[in-house]
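# Working through the structure, step by step
Here is what each chain is made of, one letter per residue.
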Amino acid sequence: MRILILYGSQTGTAQDVAEQLWRASKKRNFDSLVMAMDDYQIQQLTEEHLVLFVVATTGDGKEPDNMRNTWKFLLRRNLPVDSLSNLQFACLGLGDSSYAKFNYAAKKLNKRLQQLGAQPIIPLALADDQHDYGSNAVVIPWMTNLWEVVEERLGLSCRNAENLHETFIFKWHCCRLDHTSILDEDNYHLLWPHRQTPTHSFKLINNVRTTDPSHFQDVRFIQFEVPESATWLPGDIIEVHPHNSTKQIDEFFALVQEHELDFDSNTVVRMSSNHQDMILPKCYSKPLNVRQMATSIWDLSAKPRQRFFELLALNCEDNMEKEKLLEFITSDGLEEVVNYINRPRRTVLEVLQDFRHASSKLTLEICIEMFSFIQTRSFSIASCVESKTLDLLVAVVEYKTKMSSPRLGLCSNWLKSLKIGDNVLGFLKRGTMQLPKELSTPLIMIGPGTGIAPFRSIIQKHTINQSDLDSHKSLVWIFFGCRNRLKDFHFQSDLELWHKQNHIKLLVAFSRDQDHKIYVQHLIEENSQELKNLIKECNAYVYVAGSSTNMPKAVKEAFINVLDKDEEYVENMFKINRYQEETWS
């Protein structure tokens, strides 16, 4: 029996869950196939009988990049309503309830499949990253239920397969080469190990801290020289691929040396796939050594996923460690995972250091399977292309838990470490913001903290293209919020100059500069009448960018109050893209 498993994944989590399903199906002797949705010829879906979908939601309810073409095809109006009548399916969504459009991509896909005649074998499940137990609170019981239903519906006796948990499915095969093997000097596949091609190489020309030294957070203004062929629009995004820090790499090889494992940093391998249906990643397309893997491919600062614990336990001869590791992958062990991994934000390296008996039995083959890949990170571009520089505003992630060393964000700290003259590969892509076609349309922009970045690019475009501005005078309102005027007022000189020149109307909330806290939503309500006129009389567009926690909801409620409690009007603005959010957790 064939099972097709398709995923839409932006950061690798949905892919990881889909591959868990694939391994589970292989153990049950299914002829199974797993791939990103856009890698599958979606026209062939009419010939499938059982498909499992794992779909993440990215940004403001958007589908991941690697299912975008598939989704466009499924939305075609000329598709017959019974075109998928022979298909049975199950759909799992991965999302974050701090976003307004929680699990929107999975909900839309589940509904559309049924509109085309497909039959769900179990109800849609929606995992929430905000749950105390994380997404596994839904994923683990959903998988258990899925296989029970599959066995019952198909009349199979999968439970007769003994020792399911002791059967290991390895994706990759590594053939060790002689240390003297000449490695390809072109390491492009390592600097950019992902399948899509980076747009350009950008040379760093500026990397400075913009916040006061006494401020709790280091925010960097990072500026790149722009190649002549590079182009983007205001509100667009750049993806970059970070590398592990020297400290992390050294810690990993210190552990390898301490346990006298069967490889070292110079061990060279040629990779191939163990399965005809498993596509070899671009980063494994050429021979490489373990140091290259530990530098550019393996995410050494990641939180361990289920597969990590399972593989770490594989050769473990210490019963206590093995029992604990296997407990982590069960429903009963979710509380333990929260306490040991999620709350203190332990990394894979720290787990290896804690489980010393299990780590001493690692092999290179297991390491290759157990480490998740470093994913690209996206940043809003804070400049327009006419400025001749590509600017970023990056909050460096560093915080304390009960762990002795601070938690460091991989990409932000990598960007912080870059030196003037360094070259970075970047993939330019369209942002989620859609600007009105009429240049005279008023814009109301709310960007507290680093949320101001995409709005700076829009304002720059307006001011540089002065001739267009003169003939189509628009009104741009900017609401910016930060803690202190003197400590974290990002792009202060630019914003104040544009305000003085009447390019924008600037309103700033400094939450900690007085006894009572003032936030952007308070300023919105203080200017109710003018904003109401702009929205109702002049069809103004509203844009919100920044943290996804409390700010977007508070701002939305403020606009509902501005519009005389007319919640329906605001909801309609969302539907027609006159109210847009670009938020992140």
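Residues numbered from 1 in each chain as written. Predicted model: local features only at pLDDT ≥ 70, side-chain atom pairs only at ≥ 80, totals over all residues. Heavy atoms only, no water.

### Here's the deal with the overall build of the chain
What the chain contains, in helices and strands, is 21 helices and 22 strands. A globule of 585 residues ought to have a C-alpha radius of gyration of about 25 Å, and the chain, at 26 Å, matches this closely. Dimensions of the chain, computed from the C-alpha atoms along their principal axes, are close to 70 × 55 × 50 Å. Of all 585 residues assigned to the chain, the portion counted as buried reaches 53%. Contacts in the chain between residues far apart in sequence, at least 24 positions, make up 78% of those at least 6 positions apart. Accessible area for the chain stands at about 27100 Å²; split by element, carbon and sulfur atoms hold 47% of it. The centroid of the 65 positive side-chain charges in the chain is displaced by 3 Å from the centroid of its 75 negative side-chain charges. (Helix = DSSP H or I, 4+ residues; strand = E, 2+ residues; numbered from the N terminus. Rg over C-alpha atoms; globule rule 2.2 N^0.38 Å. Buried < 20%, exposed > 50% of the residue type's maximum accessible area, 1.4 Å probe, protein only. Contact = heavy atoms within 4.5 Å. Areas by Shrake-Rupley, 256 points an atom, 1.4 Å probe, with all protein chains shown as cover. Lys, Arg positive; Asp, Glu negative; His and termini not counted. Charge placed at Lys NZ, Arg CZ, Asp CG, Glu CD.)

### What to know about the sheet that holds strand β17 (residues 423-429)
A sheet is described by the order of its strands in space; here 6 strands give the open sequence β13-β10-β17-β8-β9-β14, paired in antiparallel fashion. The sheet is open, and its two edges are formed by β13 (377-380) and β14 (389-395), each paired on a single side. Put simply, the sheet's adjacent strands are angled 40° from each other on average, direction ignored. For strand β8 (residues 200-209) and β17, the ladder comprises 4 bridges, and the chain directions are antiparallel. Looking at the pairing, H200 lines up with G426 of β17. (Pairing = 2+ DSSP bridges. Axes fitted to C-alpha atoms, helices over the stretch in contact; angles between N-to-C directions.)

### What to know about the UniProt feature "domain: Flavodoxin-like" (unreviewed entry) in the chain
UniProt records the feature "domain: Flavodoxin-like" (unreviewed entry) for residues 3-147 in the present numbering. With 32% helix and 23% strand, the stretch residues 3-147 has end C-alpha atoms that lie 12 Å from each other. (UniProt positions renumbered as here; feature names shortened; annotations may be inferred.)

### Notes on the packing of aromatic side chains
If you walk through the whole model with that rule in mind, you get 22 aromatic pairs. Seen from their ring centres, F480 and F489 are 5.4 Å apart, and the 15° between their planes marks the pair as stacked. What makes F489 buried here is its relative accessible area of 9%. Taken together, the ring pairs connect F252, F253, W298, F308, F309, F328, Y340, F355 and F371 into an aromatic cluster. Taking the ring centre of F168 as reference, the NZ or CZ of K27 above it sits at 6.0 Å. (Phe/Tyr/Trp six-rings, centres within 6.5 Å; stacked < 30°, edge-to-face > 60°. Lys NZ or Arg CZ within 6 Å of the ring centre and 35° of its normal.)

### Notes on the domain arrangement of the chain
Each domain of the chain was delimited in the assignment, giving domain 1 (2-161), domain 2 (200-231 + 379-429), domain 3 (245-370) and domain 4 (443-583). Placing the centre of domain 1 and that of domain 4 at their C-alpha centroids yields a distance of 38 Å. (Domains from an automatic or database assignment.)

### Some points on unusual backbone geometry
Backbone geometry at E260 places phi at a positive 50°, although glycine is not the residue there. Here E260 lies in the loop between α6 (246-258) and β11 (268-273). Classification of E260 by relative accessible area gives exposed; the value is 73%. Phi at N502 is positive, roughly 65°, even though this residue is not glycine. Mapped onto the elements of the fold, N502 is located in the loop between α17 (492-500) and β20 (505-510).

### Some details on the environment of A90
Along the chain, A90 turns up in strand β4 (residues 88-95). Once residues within four sequence positions are removed from consideration, A90 is found in contact with V51, L52, F53, I121, I122, W142 and L146.

### Topic: helix α7 (residues 290-297)
Most of α7 sits inside the fold, with 6 of its 8 residues counted as buried. Within the sequence span of α7, burial applies to V290, Q292, M293, A294, S296 and I297. The elements touched by buried residues of α7 are α5 (188-191), α6, β11, β12 (288-289) and α13 (364-370). Measuring from the side-chain oxygen of the N-cap residue of α7 to the backbone nitrogen of R291 gives 3.2 Å; that N-cap residue is N289. (Polar contact = N/O pair within 3.5 Å; in protein donor to acceptor, adjacent residues only side chain to side chain.)

### Details of the sheet that holds β12
Pairing is antiparallel across the open sheet formed by 3 strands, whose spatial order is β7-β11-β12. Whereas interior strands pair on both sides, the edge strands pair on one side only; in this sheet they are β7 (172-177) and β12. Summarising the sheet, β11 and β12 pair through 2 bridges and their orientation is antiparallel. Among the inter-strand pairings, V268 is bridged to a residue of β12, identified as N289.

### Thoughts on the packing of helix α15 (residues 453-464) against α17
Each pair of packed helices gets described by two things: the angle between the helix axes and the distance between those axes. Across the interface, α15 lies against α17 with an axial gap of 12 Å and an inter-helix angle of 45°. Looking at the two axes, α15 sits oblique to α17. The hand of the α15/α17 crossing is left-handed. Of the residues in α17, those in contact with R456, I459, Q460 and T463 of α15 are D494, L495 and W498. A per-class count over the contact of α15 with α17 returns 3 nonpolar, 2 polar and 2 charged. (Parallel < 35°, antiparallel > 145°, perpendicular 65-115°, else oblique. Left-handed = near helix turned anticlockwise from the far one by under 90°. Nonpolar A, V, L, I, M, F, W, Y, C, P; charged D, E, K, R; others polar.)

### Here's the deal with the pattern of salt bridges
Applying the stated criterion across every chain, the model contains 29 salt bridges. Between K324 and E327 there is a salt bridge whose closest N-O contact spans 3.3 Å. Pair noted here: K324 and E327 are both in helix α9 (residues 319-327), with a separation of 3 residues, about one helical turn. K324 sits in the partly exposed class, given a relative accessible area of 27%. Ionic pairing is found between R485 and E496, a salt bridge with its closest N-O pair at 3.3 Å. Within this pair, whereas R485 is found in the loop between β19 (476-482) and α17, its partner E496 is found in helix α17, the two being separated by 11 residues in sequence. (Salt bridge = Lys/Arg side-chain N within 4 Å of Asp/Glu carboxyl O.)

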